[in-house]
Every structure is written in structure tokens, then in C-alpha cells.
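The residues making up each chain are set out below.
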Amino acid sequence: MSWLSRCAGASKQFESARTQEGPTMVVWDFDWSLINENSDTWILEQLAPTLLTDLKKLQQTEPDRFGRGQWTALMDHLLTLLGTREKVTRGALERRLASIPFADENVACVRLAAAAGCEQRILSDANEVYIDKILEARSLRGAFSAVCTNAATYEDAGDGAEVLRVAPFHPVDEAPHGCRRCPPNLCKGAVLDRWVAECRPRRIIYVGDGSGDYCPATRLVEDDVVCARANYPLAKKLRKLALNVTDPVTLDAAVAEWRDGADLLRIFRRELRAPKQAAPPPKPPPSKPPPSKPLKPFSSKPAAPALVGKQAETKPAKRATVRFAPP
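Residues numbered from 1 in each chain as written. Predicted model: local features only at pLDDT ≥ 70, side-chain atom pairs only at ≥ 80, totals over all residues. Heavy atoms only, no water.

The name recorded for the chain in an unreviewed UniProt entry is Phosphocholine phosphatase, from Aureococcus anophagefferens. The Cofactor (unreviewed entry) comment attached to the chain in UniProt states, word for word, "Mg(2+)". (UniProt positions renumbered as here; feature names shortened; annotations may be inferred.)

What follows is the structure, encoded as C-alpha cells:
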């Protein structure tokens, strides 16, 4: 899968890279953003529902291995059980992936952005095999130039069985990426920085829903747009940010909330519409100069004394609020 790009590192010159030289970049989260499901739990529900019970039990009984921040390790363990204990074959897994819910309007958004010449990339906490097979089923592989996600490969489990193994995007044997907002396996903001330095896009449209999309959203600039799915963690975080004037984090991009594919398609049509060059208004014919305004009557009230010292200090400007664009 050479079209999959596993990037690492971040550009420290994020702002300077925005020189408006390149095309508009559309960055897609995958689960609940590009597709209308959580691919990790959906495939287990479809092929071996008992594994969902195992999932909850493991999170409670082995929090150090499978608790908070260890989702990728948990999925690797459950996928191993899917092949060895549940005897689900590679073919059965990939055939079922092809039928995952995917709104027709979201497909239309991808094709609209491609037709507009946008650079489209996927930045996801899913895995390479899931994304590859789902895009292949919708004939959308060619629309994306890069995908950054968790690694996935098949391993021989004996007796001719193949087990899908997943590993974190950020290798566990390397130093932590250091971002407190992101899970240990992937800092989406760092990847976005690298992509901006690489492509120098004139603007970014970011489509996301989860908490992991908050970090890259805060790195966007004024002309960018965050398409945040309504009532999901990202939108809730951004609304909270809009109300919290003491939070040092700022959001310069506009926020457009969407509930379903129809909402998202309307946003894409609006944001990717070529600006019309309005003809300059005709010059008005020469006219007589307007009559001069009467002078204000002289006031005998003394002028207020000029402020000096601390009195002359201006009040600190309020932090800019989050701009919510219409859906």
C-alpha cells in the first residue's frame, strides 16, 4: 500500500508555511467523520459480538494494558482473538469492511473536493487495513494522496489462519510525542504541521468529530474551517472553548457544525465555491458638493482633564471568540 503515508515529526514553522502557494487541503478524520461508524467496534459487533463484552471487561480488569490511552493495544488483542478464537478469516473481515455505513453525501464531498483540485488526506486513529479496504469498496483510493494512521499487517496464526495485528502510529519504543492533548499513539497536530510544511496550502478544511481532532483544530489559521460534527466531543470542546475566556488556547479558524452528510455537503459546496469577481460599480455622475454642516454651538463645559499615569492605561483586549459559521 504505497499510497499510505506514515508521517512523523512536526514543523516548527507552521505559520510561515502558510504562504498560499499550494491548493486547498482537506483533512479528513475517518471514524464518524468520513464514514458513519466507529470501524473498530463496528467490525467486532458484526463478526463476533462477544468480543465487545471482552472489550469492556478488559478495560476494567486490566487498565494498565487496555485502559485509558491504550485503545490500539486493546484492538490488537481483540483482533487476535477474532482470528484465533472466533475463527474469522481475512476474507470475511475484508468483505464485511466493504459494507460499513458510508453516507452518499460524504462520498459526494470527496468527489467535489477532488474536482476542485483540493489536496485530500486522511488523519485517523483507525488502521491502515480498515481504511484501505473501505476506500477501495467505494472507489475512493485515488482521491487521497496520503493517509496517516495506525499500522496494520496480517500475521500467520497457524493452520492457514491469518490474524490482523495493529500497532500504534507513534512507535512505543520511541520517546513520547509530548503532546498532552493527544493519546500516546498519535498526535494529529504534529502530523498536520508536517503536512502544512510539505504542501504549503492556501487554506485547510478539517473534518473531524473526536477529542483527538482538537489539537490540530487549534493549529489552524483565520481562513481555515473546522467542520466539527455536532454533539460529538470535538464540537463540545470548541463550544466550551468559546465560553472559557481564561483558556490560553485560541481558535483562529471558523467552526462549521454538521449533523449528517447533507449538512456536510452544503458546507463543502459553500466553502469550495469559486469566489465571483464582482464588476466595479459605475462611477456616479458629477454632482454639486453637499452643503456644509452647520457648526456645533460652542460649549462652555470644560473639557475632561487628560488621563496620566495608571489612569491612561487601556483595558486589556478580550481574547477573540470562536467563530461558528452557519451549517
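Here the focus is the pairing of strand β5 (residues 204–208). Across the five residues that make up β5, a large majority, five, are buried. Of the strand pairs in this sheet, strand β1 (residues 25–28) and β5 are connected by four bridges, and their pairing is parallel. Bridge pairing in β5 places V27 opposite Y206. Both β5 and strand β6 (residues 225–229) contribute to a ladder of four bridges, which runs parallel. Within β6, the position partnered with Y206 by the bridge is V226. (Buried < 20%, exposed > 50% of the residue type's maximum accessible area, 1.4 Å probe, protein only. Helix = DSSP H or I, 4+ residues; strand = E, 2+ residues; numbered from the N terminus. Pairing = 2+ DSSP bridges.)

What follows covers the nonpolar core. Ranked by size, the top nonpolar core spans 54 residues in total, and within it W28, F30, L34, L78, I122, C227 and F268 carry the most contacts. Ranked by residue count, the leading element in this core is helix α5 (residues 71–84), at six residues. Counting residues in each nonpolar core, the second largest holds 27 residues, with C148, A228, L238 and L251 among its members. (Core = buried A, V, L, I, M, F, W, Y, C linked by side-chain atoms within 4.5 Å.)

In terms of residue burial, strand β7 (residues 254–258) counts as a mostly covered element, since five of its five residues are buried. The alternating pattern of β7 places A254, A256 and W258 and V255 and E257 on opposite faces, both of which are buried. As judged from the five bridges shared by β6 and β7, these two strands associate in the parallel manner. Bridge assignment links R229 to a residue of β7, and that residue is W258.

Moving on, we get to the pattern of salt bridges. In this structure the tally under the stated criterion is 20 salt bridges. Measuring nitrogen to oxygen at the nearest pair gives 2.7 Å for the salt bridge that ties D132 to R141. Across the salt bridge formed by R219 and D193, the nearest N and O atoms sit 2.5 Å from each other. Here D193 lies in helix α9 (residues 188–199) and R219 lies in the loop between α10 (214–217) and β6, a separation of 26 residues in the sequence. You can call R219 partly exposed: its relative accessible area is 23%. (Salt bridge = Lys/Arg side-chain N within 4 Å of Asp/Glu carboxyl O.)

The next subject is the packing of aromatic side chains. Taken as a whole and judged by the stated rule, the model has two aromatic pairs. Judged by centre distance (6.0 Å) and plane angle (50 degrees), the ring pair of W32 and Y232 falls under tilted. Here the residue W32 occupies a position in helix α1 (residues 30–34), and Y232 occupies one in the loop between β6 and α11 (233–243), the gap between them amounting to 200 residues. Under the relative-accessibility criterion, Y232 is labelled partly exposed at 22%. The side chain of K237 reaches across the aromatic face of Y214, ending 5.3 Å from its centre. (Phe/Tyr/Trp six-rings, centres within 6.5 Å; stacked < 30°, edge-to-face > 60°. Lys NZ or Arg CZ within 6 Å of the ring centre and 35° of its normal.)

One can find D31 in helix α1. Here D31 occupies a buried position and makes no salt bridge, while the nearest side chain of opposite charge, K188, is found at 8.6 Å. Of note is the side chain of D31, whose polar atom sits 2.9 Å from the side chain of S39. Ignoring anything within four residues of it in the chain, the contact list for D31 reads E37, N38, S39, D40, A126 and D209. (Lys, Arg positive; Asp, Glu negative; His and termini not counted. Polar contact = N/O pair within 3.5 Å; in protein donor to acceptor, adjacent residues only side chain to side chain. Contact = heavy atoms within 4.5 Å.)

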